Amino acid sequence: MDTLLRRLRHELFASKVDGLITLVLLGLIGAGGAGFLRWALGQAQWAVVRANSTLFALGRYPIEQQWRLWLLTALLAVATGITWGMLRSHPRPDRVGVLWPRNDRIAAVLLALLALGLPLALGLSGAVQLRWWGITALLLLWRWLAGRFGPGLPPLLKRLLPLGLPLLYLLGMVLIHGGLGLSPVSSSEWGGLMLTLLEASFAILLCFPLGVLLALGRRSELPLLRWGSVLYIEFIRGAPLITLLFLGQNMLGFLLPGGMAPERVWRAAWVLTLFAAAYLAEAVRSGLAAVPRGQLEAARSLGMSLPQAFASVVLPQALRVALPSMVGQFISLLQDTTLLSLIGLMELLGTARTVMANPAFLGRNAEVYFTLAVLFWCCCAALGLGSRALERRLDPAALARSG
Amino acid sequence: MSPTSSRSPAPTTGSGDLMIEARGVEKWYPNGFHALRGCDLTVQRGEVVVIMGPSGSGKSTFIRTFNALEDFQKGSITVDGIALTNDLRQIDAIRREVGMVFQQFNLFPHLTVLDNLCLAPVLVRKRPKAEVKEQAMALLRRVGIAEQASKFPGQLSGGQQQRVAIARALCMEPRILLFDEPTSALDPEMVREVLDVMLSLAAEHITMVVVTHEVKFARQVASRVVLMAEGEVVEVADPETFFTNPSQERSRRFLDQIL
């Protein structure tokens, strides 16, 4: 306690000016915090969120089909738990140290508190609360299992494990969309956080390979490929996303033969993908530029073909360098999905606007927007945390230190 | 300018004795710089040919044409019976047989030492991983760093990294090894350990072409020494003659500067 006091004093009140700045900042933070709490606990009427929580989560997805989304959420929880456990455990089975590093313990406790508190605060029914508890328990259980037994799995299985994510994605599509015996749910009934995450994840998954190809095309020795890539990247980067979205809604119908034009939801997802790919290509290009020329020469001098050299030597290094800026792109892509409300999709912001237009909740804008901000913040924070874990995982120096 | 007699101790095995034959190689860089001006060189099986010369004389450019890391505009190069053309399959075939050790090591930083060695034999020669691993460990023992096999290149000293680079080239079982100033980027106290490995390779009659400034190394193991200046091969001689009684005025001036 004594050392803590001394450290605080050293860091916050080292000199008179430091002390003054500290006091002023403390005052501002205190006033802001008090104001916020007064609003959040006093004036704000959270009934608007409580009453519309299903709408915010799923849009107008038919009630009798919602079990499919619960199943999907449970599967996602399992996948998240496994990914978390695998990323945070040491790759070598003989060096598995702490099963739960300090940050992971904090995250697990926060998650458990959230799962206990949030459904209660939202006034959800007992059955729904129970489901959330189950899903959280599932996540933590698989986090533990993956951390405990993951490193000991055969290497081949470990390498194949990431392939489960695209498979899960396809399965999720079937669950949401219907088909294979499930009754179809029209995409006009999708909405809320589910639609936001669907659009963002679709774009993130597909813009990644596209962006890498564009970046490689931009460095190609074939003039047509090079100029084609440059033209595409510069055109997309020169146009605001919103104009491209309107363009996509209006033009795809004309460009593609009758009946081929995808539904609105998918048109928007493709525009997002093509848009993000151009930005991602620039991030990958900077990563490629950071790999010394000698790497390619060494690979080639060992007899590797150009594709082999890129796949096993150049790209792994380039993508590791580009990872932070790529994740930055993904995060802004997630936030850009709010623009979809302007072309009439009922994603989070679109749903929020219909709720606020309801006379019963007139004037409750602040509560709704605040909820939206928190939801987006949670998603972006998860992306950021995942990327940092991945970054550490891919950095040989950091691995060596922790070993 | 004809090569003087070599004292190659290599066992002769008939017609395949000529490992590298370069005739009248000329290279211009895209900016118009005339880097190689009609260079000739032949390397016999088992020979150690050391190329010396002032910086900017085209030594590195010349040996980099042998495995097509640099292209050339005129002349011909034949490596182990395969003519170097623009045919990509031929280039890949030559690169499989020609190992190269770089000044800057160029190890793959994202792979462990062991994986640096195993990558190409598994990918290119399609050999089973277990077998390659065993061979790689033997090579690492031979260059004296087997205990570092699971470390990453960034954790090793410069001398250790260069020894790994030599082992990596050897793991492809090349017929010729090219060294492009292998000790120039090393701290002085690490030069010895790398040269020792190269000496042991020379003792096994592995065909080597070495660009270096190490006079002692050249004297000890070179079958022939080549002096290059301003993009030309000025003199080819056995080391004794080259270092004590060179025939060219240009060689004398160069030796005055480095000895």
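Refer to the preceding data block for the structure.
Residues numbered from 1 in each chain as written. Chains lettered and ligands numbered in written order. Predicted model: local features only at pLDDT ≥ 70, side-chain atom pairs only at ≥ 80, totals over all residues. Heavy atoms only, no water.

Draft legend 1. Spotlight on the sheet that holds strand β3 (residues 48-52) of chain B. All names here are of chain B. Taking strand neighbours across the sheet as the criterion, the six strands line up as β6-β7-β8-β3-β9-β10 in an open arrangement whose pairing is mixed. Sheet topology places β6 (98-101) and β10 (232-237) at the edges, where each strand pairs with a single neighbour. Adjacent strand axes in the sheet meet at a mean angle of 20°, parallel and antiparallel pairs treated alike. Judged from the four bridges that link them, β3 and strand β8 (residues 207-211) form a sheet pairing that is parallel. Residue V50 lies in a different strand from β8, and its bridge partner there is V210. Relative to the sheet, helix α2 (residues 88-97) contacts β6 and β7 (176-180), its axis offset from that of β6 by approximately 65°. (Pairing = 2+ DSSP bridges. Helix = DSSP H or I, 4+ residues; strand = E, 2+ residues; numbered from the N terminus. Axes fitted to C-alpha atoms, helices over the stretch in contact; angles between N-to-C directions. Contact = heavy atoms within 4.5 Å.)

Draft legend 2. Region of the structure containing the pairing of β10 of chain B. Residue and element names in this part refer to chain B. Burial analysis of β10 places five of its six residues in the buried class, which makes it a mostly covered element. When strand β9 (residues 224-229) meets β10, the two strands line up antiparallel, connected through five bridges. By the bridge assignment, V225 is partnered in β10 with A237. Hairpin connection of β9 to β10: two residues between the antiparallel strands, including E230 at a positive phi of 45°. (Buried < 20%, exposed > 50% of the residue type's maximum accessible area, 1.4 Å probe, protein only.)

Draft legend 3. Just the pattern of salt bridges, in detail. Residues and elements named next belong to chain B. The tally for this structure, following the rule as stated, stands at 25 salt bridges over all chains. Across the pair D17 and R45 runs a salt bridge, and its minimum N-O distance is 3.8 Å. Remark: R45 occurs in the loop between β2 (34-44) and β3 and D17 occurs in the segment before β1 (18-28); sequence separation between them is 28 residues. A relative accessible area of 15% places D17 in the buried class. (Salt bridge = Lys/Arg side-chain N within 4 Å of Asp/Glu carboxyl O.)

Draft legend 4. Focus on the packing of aromatic side chains. Going through the model one piece at a time under the given rule, you end up with 14 aromatic pairs over all chains. Ring centres of F36 of chain A and W39 of chain A lie 5.9 Å apart, and the angle between their planes is 45°; this geometry places the pair in the tilted category. Within this pair, F36 of chain A and its partner W39 of chain A are both found in helix α2 (residues 16-43), separated by three residues, close to a single helical turn. For the ring pair W39 of chain A and F370 of chain A, a centre distance of 5.9 Å and an interplane angle of 75° mean the geometry is edge-to-face. Of this pair, W39 of chain A sits in helix α2 while F370 of chain A is found in helix α17 (residues 365-394), placing the two residues 331 residues apart along the sequence. Feature note: the residues F36, W39, W46 and F370 of chain A constitute an aromatic cluster, connected by ring pairs. Sitting above the plane of the Y279 of chain A ring, R237 of chain A keeps its charged end 5.9 Å from the centroid. Against the face of Y29 of chain B rests K27 of chain B, its NZ or CZ located 4.8 Å from the ring centre. (Phe/Tyr/Trp six-rings, centres within 6.5 Å; stacked < 30°, edge-to-face > 60°. Lys NZ or Arg CZ within 6 Å of the ring centre and 35° of its normal.)

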